[in-house]
Amino acid sequence: MAQPECRGNSGEAPMARWTRLAIGAGVVGLLVAAGALPAGLLAGFVATKVAIATTDLPEALAHPTVPQASRLYAADGKTLITTFADLNRNDVALGEVAPVMRQAIVAAEDTRFYEHGAVDPRSVARALIANGRSGETQQGASTLTMQYVRNVLKTDPKATQEERDAATEETVGRKIQEMRYAVAVENALSKDQILGNYLNIVYFGAGAYGIGAAAQTYFDTTPAKLTLPQAAMLAGLVQSPDAYDPIHGDKAAAQSRRDYVLGALVKAGNITQADADQAKQKPLGLKPGTVPNGCTAATPADSRFFCDYFVSWWQQQSAFGDTPQKRLAALRDGGYQITLSMDSKVQQTATKAATDVYGYDSPKALPIAAVQPGTGRVLALAVNRHYSVAKGAGNTVDQLVAGGSSVTGYQAGSTFKLFTMLAALENGYTLDSGFDAPSQLKTGWQDSGPASCDGFYCPANDNPSWMDGYRNMWTGFGRSVNTYFVHLEEQVGAEKVVELAQRLGIQFRAKSDAERAENDAGDWGSFTLGVADTTPLDLANAYATIAADGTYCKPLPVKGISDAAGKPVRAGQPECKKVLEPDVARAAVDAARCPVGQAGAYGQCDGGTATQVSTMLDGRPVAGKTGSAEGNATESFVGFTPQVAAAGIAANPAHPSDGVGGAVQVDVIKAVTNVLDRAVTGQPERGFTPPSQALAFENGSNPAVPWRYDGYGERSRRDP
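Note that the coordinates shown come from a computational prediction; the quantities given were computed from them, not determined experimentally. (Residues numbered from 1 in each chain as written. Predicted model: local features only at pLDDT ≥ 70, side-chain atom pairs only at ≥ 80, totals over all residues. Heavy atoms only, no water.)

Trainee: What is the right way to read the overall build of the chain from this model?
Mentor: On a plain count of helices and strands, the chain comes out with 28 helices and 23 strands. Counting only residues that meet the buried cut, the chain has 54% of its 720 residues in that class. Intrachain contacts of the chain at a sequence separation of at least 6 include 70% that bridge at least 24 residues. Accessible surface, the chain: about 29500 Å² in total, of which carbon and sulfur atoms supply 48%. (Helix = DSSP H or I, 4+ residues; strand = E, 2+ residues; numbered from the N terminus. Buried < 20%, exposed > 50% of the residue type's maximum accessible area, 1.4 Å probe, protein only. Contact = heavy atoms within 4.5 Å. Areas by Shrake-Rupley, 256 points an atom, 1.4 Å probe, with all protein chains shown as cover.)

This is the structure in structure tokens:
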């Protein structure tokens, strides 16, 4: 308990004033009379005239900013995923430290801490007399406050290395300055504040800085749960952390030092002799706790790709520094408390879903991502790989789910037809806009590739008997009719389709895709068939945008961030904007219900490529789209409800031309749907908002005879 402070007319605490005067005169006189004051130290005292006077308190001592670990939690805010630290340290409030630990550190390091001022003249006299007689420095006279000053100054990240080194120099000048700072500290902070700060900064050995890290390192517990024997052992380590470290050093020495602290606690009146005797009979009871550091050590292991994505995101946030390097340094020493958006149950389901399709050692992969519409918060990132720098099959630190570095993504096939449909809806077309889709369509785009005829781009339907014929957006999307959507793209303008995809967050990481989008988008006739590389995360988030009535949110891997002082950081909040008219988004959603076996608001669906999805979700409102790259090089599925969107793309990341085969599409659909099911479990069933009839039908109502395209972009009424 802190002692009350009474201040005189001068405003200086009597104890602090007494300390200054006593050191300035009484101690010097005592030591000179005793003949024990070394000449160098006497000169130092004389040079200061009044010896130690009060001085201004540096900001570092009032509000220490020593490095401490940042901690990463799952979405529940309790499950620790990993830490990021150059040193193992995390602050705790003094109230979260067991009273016996507070008593033990005082008994071990400064028994009269609550009785004397910043400097204890009695200890100074005793130490200097003993040292003067021996001719060597054997005893110290540092109070706990002086130790606090020294520990802060030698670890201050804002100081230069020279300034930090100076904090531990064995010189008279340094010791005097330390005492002066200690007086200023005690004028500014209460004894409890000083003790709390000290416990958070002092080194306990084994790489543990501060009581939070020490309790975890030696006993795998928290400071609040420390027992008497545990507290005594930890307090005993501070005098010589390396010598007494029982994990890497001498256990007998650590136990002997612990027993000494127990005796000191008895002398201080904190415990009885019987308490001490009982505690001395206890073994050290070490239970070393491992503190994960970085993404390769994150637990559970299936969270590591998510962790990697978080770090990449963090390095892009200007709130944490001017450069990516400074932001990463802030993560390692800023003491941030970060709650990921990762839902552990959804993450586990996604990992199992991916590994059920391909094993960890398979060259083929199924990266899966899940996103929350309306916030952009990422719920899961999973793939059948071990996040590891170790050599061997199945190990990689490449970001296969979210993209980045050398990972540009994978072709997602017909899932890109969504962007053509949206561009058409924005430009005056309605869902019932019809066209007699042929087996093969000759376009006006010049092309010399394998899908050309007479020098023009000439795509074909994959399953003519099921796809050819009169189609509108509902039936064309449901049956994934290539020639319908290529024709629609040509009518709307390919450049508008490309722009819309970018508006919904599709990034062109491949250099060739980026160059074509910038310089030749208008002639990119195959864009609607998903020939540009993308990632499951980008794809899921694009579909999440229409699930959120046209609100796009940047993918966000966190639910919240607070700094070392507990203050929320704005960078942890969603960044969203409206990119589509709500009715346009709702119309696209209505058509997207066709592929998954649902009828939509107007009952216009007629067949789908993934009709099992509706059954797997027990008829819950759902929408989505399948996709197959040329030659079944990849197989994709993206599905969504109003609460979650998820996407998976089966591919061979190392060899894109090594096709996964069409048969795996069923497995991909099942995997992604299982993720959706897990994500909505326990949530109320929500329906999609129907689009207006004006956007659904050409004449603003559900006509008996729909409108159609005749193949040349002209409108005419279809014969009944």
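Trainee: Explain the sheet that holds strand β1 (residues 70-73) to me, please; I cannot follow it from the model alone.
Mentor: Sheets are built from strands that pair by backbone hydrogen bonding, the pairs being arranged parallel or antiparallel. Spatial strand order, β2-β1-β5-β17: 4 strands in an open sheet with mixed pairing. For this open sheet the edge positions go to β2 (80-84) and β17 (558-562), each flanked by a neighbour on one side alone. Each adjacent strand pair in this sheet contributes to an overall mean axis angle of 15°, direction not counted. Sheet topology places strand β5 (residues 337-340) next to β17; 4 bridges connect them, and they run antiparallel. Within the sheet, the bridge partner assigned to L340 lies in β17 and is V558. (Pairing = 2+ DSSP bridges. Axes fitted to C-alpha atoms, helices over the stretch in contact; angles between N-to-C directions.)

Trainee: Would you mind going over the side chain of T420 with me for this structure?
Mentor: Structurally, T420 can be placed in helix α18 (residues 417-426). Owing to a relative accessible area of 0%, T420 belongs among the buried residues under this scheme. Within the structure, the side chain of T420 is placed 2.6 Å from the side chain of T528, a separation counted as a polar contact. (Polar contact = N/O pair within 3.5 Å; in protein donor to acceptor, adjacent residues only side chain to side chain.)

Trainee: Help me out: how do you make sense of empty space enclosed by the protein in this one?
Mentor: Any space left empty among the atoms is revealed by the rolling of a water-sized probe across them. Evaluated as defined, the whole model comprises 1 cavity of 30 Å³ or more. Looking at the largest cavity, its volume works out to about 30 Å³. Looking at the largest cavity, the residues that line it are V66, P67, L87, R89, T155, I201 and Y209. Its residues assigned to classes, the lining of the largest cavity comprises 5 nonpolar, 1 polar and 1 charged. (1 Å grid on protein atoms, 1.4 Å probe; cavity = no way out; pocket = protein on both sides within 12 Å on 5 of 7 lines; lining within 4 Å. Points joined across faces, edges and corners; volume = space filled by probe spheres on them. Nonpolar A, V, L, I, M, F, W, Y, C, P; charged D, E, K, R; others polar.)

Trainee: How should I be thinking about the state of the cysteines in this particular structure?
Mentor: Put plainly, two cysteines are in a disulfide when a covalent bond ties their sulfur atoms together. Considering all chains together, one arrives at 4 disulfides under this definition. Shown here for the chain is a disulfide pattern of 1-2, 3-4, 5-6, 7-8, where each number marks a bonded cysteine counted in sequence order. (Disulfide = S-S within 2.5 Å.)

Trainee: How do you make sense of the pairing of strand β6 (residues 368-371) when you look at a structure like this?
Mentor: Both faces of the sheet carry side chains from a regular strand, because those side chains alternate between them. A two-sided burial pattern is seen for β6, the buried positions comprising I368 and A370 on one face and A369 and V371 on the other. Where β6 folds back onto strand β7 (residues 378-382) in an antiparallel hairpin, the turn is made up of 6 residues, including G374, whose phi is positive at roughly 90°. Pairing geometry for β6 and strand β21 (residues 645-650), over 4 bridges, is antiparallel. Counterpart to V371 in the pairing with β21 is A645.

Trainee: Help me understand the pattern of salt bridges in this model?
Mentor: Pairing of side chains with opposite charge becomes possible as their charged atoms draw close. All chains considered together, the criterion is met by 20 salt bridges. In this structure, E109 and R257 form a salt bridge, with 3.9 Å as the shortest nitrogen-oxygen distance. Residue E109 is located in helix α4 (residues 99-109), and its partner R257 is located in helix α13 (residues 251-267); the two are separated by 148 residues in the primary sequence. R257 shares its class with E109; the two are buried. Note that K352 is salt-bridged to D356, the shortest N-O span being 2.9 Å. (Salt bridge = Lys/Arg side-chain N within 4 Å of Asp/Glu carboxyl O.)

Trainee: Looking at this structure, I do not really get helix α6 (residues 144-155). What am I missing?
Mentor: Structurally, the α-helix is built with 3.6 residues per turn, so residues lying three or four positions apart point the same way. Helix length check: α6 (12 residues) gives 17 Å between terminal C-alpha atoms against 16 Å at 1.5 Å per residue, within 8%. Summarising burial for α6: 9 of the 12 residues are buried, a large majority. Among the structural elements, α3 (59-62), α4, α8 (172-188) and α9 (191-201) are those in contact with the buried residues of α6. (Expected span 1.5 Å × (residues − 1).)

Trainee: When you look at the sheet that holds strand β20 (residues 635-640) in this model, what are you seeing that I'm missing?
Mentor: Spatially, the 5 strands line up as an open sheet ordered β7-β6-β21-β20-β19, and their pairing is antiparallel. The outermost strands of the open sheet, each flanked by one partner alone, are β7 and β19 (623-628). Geometrically, the sheet is characterised by an average inter-axis angle of 5° between neighbouring strands, direction not taken into account. Alignment of β6 against β7, held across 4 bridges, turns out to be antiparallel. Bridging from a neighbouring strand, A369 pairs with L381 of β7. Against the sheet, helix α17 (residues 344-357) contacts β6 and β7, and its axis sits at roughly 30° relative to β7.

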